[in-house]
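# Architecture and fold: a report
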Amino acid sequence: MLVTLVALLAAAVLLVSLSRRLGLGSILGYLIAGLLIGPSGLRLVTDVESISEISELGVLMLLFIIGLELRLPRVWAMRRSVFGLGTAQVIVTGAVLGAAAYWAGAAWAGATILGLGLALSSTAIVLPLLAERNLLALTSGRDSFAVLLFQDLASVPLIALVPALAGHHPDGPIWIALLKAAGAVAIILLGGHFLLRPIFAAIGGARTREVFTATALLIVVGAAAIAGGAGLPLSLGAFAAGVVLAESEYRHELQADIEPFEGLLLGFFFMSVGMSTDVALIAREPLRIVCGVVLLVVVKAALALGLGLIRGQNPVTAVRFGLAIAQGSEFAFVLFGAAAAAGALDRAAVEGATLVIALSMLISPILFAASERWLIPRLMKQAPRPASRLEEARPAPVVICGFGRFGQIIGRVLLTRGIKFNALDSEPGNVETVRRFGYLAFYGDPTRLELLRAVGADQAKVIVVALPDAEAVVKVSELAREHFPQAKVYARARNRRVAHSLIDVGVHNFVRETFLSSLRLSELVLLGLDFDEEEARRTVEAFRERDEQMLVAQHAFYDDETKVIQTATQVADELKSLFEADAPT
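If you're wondering where the values come from, they're calculated on a predicted model, not measured in any experiment. (Residues numbered from 1 in each chain as written. Predicted model: local features only at pLDDT ≥ 70, side-chain atom pairs only at ≥ 80, totals over all residues. Heavy atoms only, no water.)

## Observations concerning the overall build of the protein chain
Test applied: Under the DSSP-based scheme used, a helix requires at least four consecutive residues in state H or I and a strand at least two consecutive residues in state E, with every element numbered from the N terminus. Whether a residue is buried, partly exposed or exposed follows from its accessible area with a 1.4 Å probe, protein chains only, as a fraction of its type maximum: under 20%, in between, or over 50%, in that order. Any two residues whose heavy atoms approach within 4.5 Å at even a single point are treated as in contact. Accessible surface is estimated by sampling points in the Shrake-Rupley manner with a 1.4 Å probe; for residues, cover comes only from the protein chains shown.
For the protein chain, the count of helices and strands is 25 helices and six strands. With 585 residues in all, the protein chain has 48% of them scored as buried. Of the contacts made within the protein chain by residues no fewer than 6 positions apart, 72% connect residues no fewer than 24 positions apart. Carbon together with sulfur atoms contributes 63% to the accessible area of the protein chain, which is approximately 28700 Å² in total.

## Digging into the sheet that holds strand E6 (residues 510-512)
Quick reminder of the rule: Only strands that DSSP links by at least two bridges are regarded as paired with each other. Between the N-to-C directions of two axes lies an angle of 0 to 180 degrees, each axis being a line fitted to C-alpha atoms and, for a helix, fitted only over the stretch in contact.
Taken together, six strands build an open sheet; the order of strands is E3-E2-E1-E4-E5-E6 and the sheet is parallel. Either end of the sheet is taken by a strand with one partner, and the two such strands are strand E3 (441-443) and E6. Each adjacent strand pair in this sheet contributes to an overall mean axis angle of 15°, direction not counted.

## A word on the nonpolar core
We apply this condition: The definition of a nonpolar core used throughout is a set of buried Ala, Val, Leu, Ile, Met, Phe, Trp, Tyr and Cys residues joined through side-chain atoms within 4.5 Å.
Grouped together as the largest cluster of nonpolar side chains are 124 residues, with contacts concentrated most on Phe64, Ile113, Leu254, Phe270, Met271 and Phe336. Considering every element that reaches this core, the biggest residue donor is helix H17 (residues 347-382), with 12 residues. Counting 31 residues, the second-largest nonpolar core is a separate cluster that includes Cys401, Val473, Phe484 and Ala487.

## Points about the pairing of strand E4 (residues 462-465)
With four bridges connecting them, strand E1 (residues 398-401) and E4 associate as parallel partners. Paired with Ile400 across the two strands is Val464, which belongs to E4. One ladder, built from four bridges, connects E4 with strand E5 (residues 488-493); its direction is parallel. What sits directly across from Val464, in E5, is Tyr490.

## Remarks on helix H15 (residues 315-324)
For the record, the criterion: Two N or O atoms form a polar contact when they lie within 3.5 Å of each other; inside protein one atom must be a possible hydrogen donor and the other a possible acceptor, and for residues adjacent in sequence the pair counts only when both atoms belong to side chains.
Most of H15 is tucked away, with nine of its 10 residues classed as buried. Taken together, the buried positions of H15 are Val316, Thr317, Ala318, Val319, Arg320, Phe321, Gly322, Leu323 and Ala324. The N-cap of H15, judged by a side-chain oxygen 3.1 Å from the amide nitrogen of Val316 a few residues on, is Asn314.

## Looking at helix H7 (residues 123-132)
With eight of 10 residues buried, H7 lies mostly within the body of the structure. When H7 is considered as a whole, its buried residues turn out to be Thr123, Ala124, Ile125, Val126, Leu127, Pro128, Leu129 and Leu130. Directly after H7, the chain includes Asn134, whose backbone phi takes a positive value near 55°.

## Re unusual backbone geometry
A positive phi is found at Arg43, a non-glycine position, where the angle reads about 60°. Here Arg43 is to be found in the loop between helix H2 (26-37) and helix H3 (48-69). On the accessibility criterion, Arg43 (52% relative accessible area) is exposed. Even without being glycine, Asp530 reaches a positive phi, approximately 75°.

## Here we look at a negative patch on the surface
Filter applied, for reference: Each patch is built from residues that are more than 30% exposed by relative accessible area and take part in no salt bridge. Like charges join if they lie within 9 Å; nonpolar side chains (Val, Leu, Ile, Met, Phe, Trp, Tyr) join within 5 Å. Put simply, a salt bridge is a Lys or Arg side-chain nitrogen that is within 4 Å of an Asp or Glu carboxyl oxygen. His is not counted, nor are the chain ends; Lys and Arg add positive charge and Asp and Glu add negative charge. Taken as the charge location is NZ of Lys, CZ of Arg, CG of Asp or CD of Glu.
Together, Asp47, Glu49, Glu53 and Glu56 line one region of the surface with negative charge. In this fold, Glu49 is placed in helix H3. Accessibility expressed as a relative area gives 60% for Glu49, which makes it exposed.

## Thoughts on the packing of aromatic side chains
Convention followed: Planes of paired rings set the category: under 30 degrees apart is stacked, over 60 is edge-to-face and the rest tilted, where pairs are Phe, Tyr or Trp rings (Trp by its six-membered ring) whose centres lie within 6.5 Å.
All chains considered together, the criterion is met by two aromatic pairs. Taking 6.5 Å as the distance between ring centres and 85° as the angle between the ring planes, the aromatic pair formed by Phe83 and Phe150 counts as edge-to-face. Remark: Phe150 occurs in helix H8 (residues 139-166) and Phe83 occurs in helix H5 (residues 79-103); sequence separation between them is 67 residues. Classification of Phe150 as buried rests on a relative accessible area of 14%.

Printed below as a string of structure tokens:
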């Protein structure tokens with residue numbers, strides 16, 4: 001066991017680090033590590049089944065954390081994506097893949113199960129894949145999450161469908177299975193709602209760290225066990241437990257305690273998938289397996305891309321959405337196993353489908369990384385840009401570089417005064433937003449000088465740099481100062497270091513993005529502590545004025561951490577002495 005653990009950790013450390021360094025993400029590293037040390041590779045690990053059972057806890061914890069993040073208002077806001085796009089993806093993809101399986105010789109019942117099982121995608125792969133590239137907040141990430149959520153919810157009827165298609169059920173009529181499933185979900189939801197808070201209160205909450213962590217793990221495993229006892233996927237139980245606790249005061253503590261276990265065990269899960277890949281079967285039937293993998297990935301990606309375009313996604317978003325969910329799902333392993341036990345699928349079909357899914361999970365991160373490196377940049381260049389639509393570009397007094405949440409507020413203020421502006425942003429969704437209001441926005445990288453010229457930066461009175469990326473803010477500000485001297489440059493500074501970098505390039509009109517809002521909240525806090533309005537306002541104003549003076553003074557040595565700390569401490573002491581001197585005696 002010790003040798004196995006050393007092999008797992010060593011392979012993970014080496015190959016995941018290499019994979020991330022190459023820009024391919026960590027998931028691919030885990031999959032290749034499993035393939036290398038598993039039975040088909042160096043045979044350092046041979047007991048794959050035991051590792052798979054343990055590593056499945058990582059999937060449970062991932063679903064639990066997803067449930068913690070899934071509050072009811074968010075579900076309601078995503079209802080069209082979850083039940084509209086999700087339903088369409090499962091039905092359309094399942095029908096096409098099922099028809100292909102039937103054409104290949106499977107009976108109609110087996111073909112139906114194969115089609116629906118292969119239509120599902122891997123939550124364990126897709127979410128980390130998108131999170132690593134900060135894509136979860138974009139439309140492609142939100143739609144992918146919505147589809148995955150629907151697939152998880154659809155697992156209940158899919159499990160029930162297997163014995164019905166096989167023509168029998170080992171435990172009696174189908175309604176009994178549905179009743180057991182509904183009862184298990186009710187126990188998790190109701191029990192969690194009424195029992196978990198008293199339990200946490202009884203153990204002393206988060207003050208008893210080790211007991212709190214043990215309780216958190218017990219909740220995940222216990223909910224999964226209840227679901228499994230009713231014949232449901234274990235992950236559905238963990239997900240339901242997370243949803244129950246999403247509104248509780250313990251949500252953040254639970255997430256902080258579970259995430260370290262989830263990350264490591266999820267990595268072991270990916271390695272177990274790599275170790276389960278039967279290279280011998282590929283050698284025996286290479287054409288069937290390769291065709292199966294290509295068919296699965298191409299069909300799923302193409303259909304998802306088409307559904308995304310129909311939904312209104314732009315080409316970049318649709319490609320990301322399609323490639324993200326193009327692989328098979330770990331849940332299909334369970335579904336096909338149940339189908340084999342019920343007699344709906346034979347052993348050869350299950351082995352072939354399982355290998356196809358495993359290989360699709362192996363190549364999916366490669367395809368996604370390749371698209372991000374080569375395909376997506378080309379699609380971005382082909383998107384409507386100022387350089388190719390110069391007839392639309394009209395001089396405007398303001399150019400806004402970056403039209404996310406920060407830039408949109410500036411734009412909305414300008415609109416209230418009838419001031420025209422041209423917005424330039426590298427995120428298609430932001431461009432579509434301002435275009436809907438009838439104003440010109442262009443898709444492109446604001447750090448490119450020719451695009452700045454194309455949107456009229458050389459004639460603008462004001463250039464606003466509202467990009468979220470700190471390096472891009474400094475680069476665009478520098479370009480504006482150098483090439484467009486007629487324009488005043490106003491910039492968004494992420495933090496003090498960015499502010500100092502802007503001063504270095506000659507830009508002094510900047511706003512630290514959280515500074516003013518934090519000051520306003522500080523004033524409200526003082527009012528809540530029974531300060532009178534004048535005293536609260538004077539306190540915050542004194543702090544603001546002194547902090548801005550300190551920012552300018554620290555510019556001469558902002559790379560010297562010791563001096564920065566000394567001046568910050570000195571200013572804090574000065575302010576404290578000032579307020580103490582003004583305090584009534």
